[in-house]
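Coordinates in review
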Amino acid sequence: MQIKPLVFNIVTSGLLYPLKNQIQERPLGFFSESDKRTLRTHFSGLEDPVQLIFVKRDTLCRYCRDTCELVMEFAEISKKIRVDVYDIDKDADEIGKLGIERVPAIALLDKSRKDTGIRFYGMPGGYEFHSLLGAVLVVSKRRTGLTEDLIRQIKRIETPLHIKTYITPTCPYCSSVVRLIHKMAFLNPHIRADMIEVTEFPELGNEAGVKGVPKTIVNHFFDLEGALPEDQFIYTIIQNLKK
């Protein structure tokens, strides 16, 4: 599935890209009317409803409010998208089922409220907005755009995988990797796929030894550097599982 390049306020604004430290009020919201028209074009083909679980904390979370506003405004553009907002402290039992331990976080559920394994940790701003849009399209349309051979290889994976891709919103190559690991999670219930925004979670980046992005770590066992072609990325994971 190809997503045509889009130019959103969210990509070019001082809030998200590239100067996330210069937070200002946005009286007109994240999206211009032109942006909304473009999104409606993408959303016109949505089939199944998609549920976004947004997890926040009222204090000690610099980007929770802005990420919540982004997600809510995004969902308002289509009736097929629903958002449920939870507090990681007040709704611990519900959030615990999803394995979410930090905020801001977004999880995607399908039409039957089944967890797809798709996660965003940090605001999906800049180039990563394409990852959020892509995830919604995949879950709603139930199509990944991958070749039949790659789909078969992904579905054959029986080992539980936790795939983490570390990104920054200014990285033009990161979104392609994030979209791929989210497709893998959608296709196989044994896979959970996290986008981790390292400028919001620098401690996680340091822990993972991130020197450049995108960097992908699978099960804390092996890592992949850069944005590899889809077949090479998937083949590398499968080969490492056989070792």
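Refer to the structure above for everything that follows.
Description of the structure in this document. Fair warning: this is a prediction, and the values are worked out from it, not measured in the lab.

So, how was this worked out
Each residue is numbered by its place in its chain's sequence as written, counting from 1. Residues qualify for local features only when their pLDDT is at least 70, as the model is predicted, and side-chain atom pairs are given and counted only at 80 or more; totals for whole chains, interfaces and linings, by contrast, use all residues. With hydrogens and water excluded, all non-hydrogen atoms of the structure serve as input to the side-chain values. A run of H or I in DSSP counts as a helix once it spans at least four residues, and a run of E counts as a strand once it spans at least two, with each numbered from the N terminus. Each residue gets one of three labels from its accessible area relative to the maximum for its type: buried under 20%, exposed over 50%, partly exposed in between, using a 1.4 Å probe on protein chains only. Arc, as used here, means the arc of the directions from the helix axis to the C-beta atoms. The criterion used for residue contact is that any of the two residues' heavy atoms lie within 4.5 Å.

Considering unusual backbone geometry
The omega torsion across V103 and P104 is 0°, close enough to zero to call that bond cis. If you trace the backbone, P104 turns up in the loop between helix 4 (92-96) and strand 3 (105-109). P214 follows V213 through a cis peptide bond whose omega is 0°. Among the structural elements, P214 can be located in the loop between helix 8 (202-207) and strand 7 (215-218).

A closer look at the environment of Y127
With respect to the helices and strands, the residue Y127 is situated in the loop between strand 4 (115-121) and helix 5 (129-141). In this structure Y127 comes out as partly exposed when scored by relative accessible area, which is 28%. Expressed as a C-alpha distance, the spacing of Y127 and P169, which sit 42 residues apart in the sequence, is 5.5 Å.

Quick notes on helix 6 (residues 148-155)
Of all the residues in helix 6, the buried ones are L150, I151, Q153 and I154. One side of helix 6 carries all its buried residues, which in axial view fall inside an arc of 160°. More than 90 degrees from the buried face of helix 6, the exposed residues found are E148 and K155. Structurally, helix 6 contributes buried residues whose contacts are with helix 7 (174-187), strand 6 (191-197) and helix 9 (230-241).

Note that all results are geometric; they support no functional claim without further evidence.
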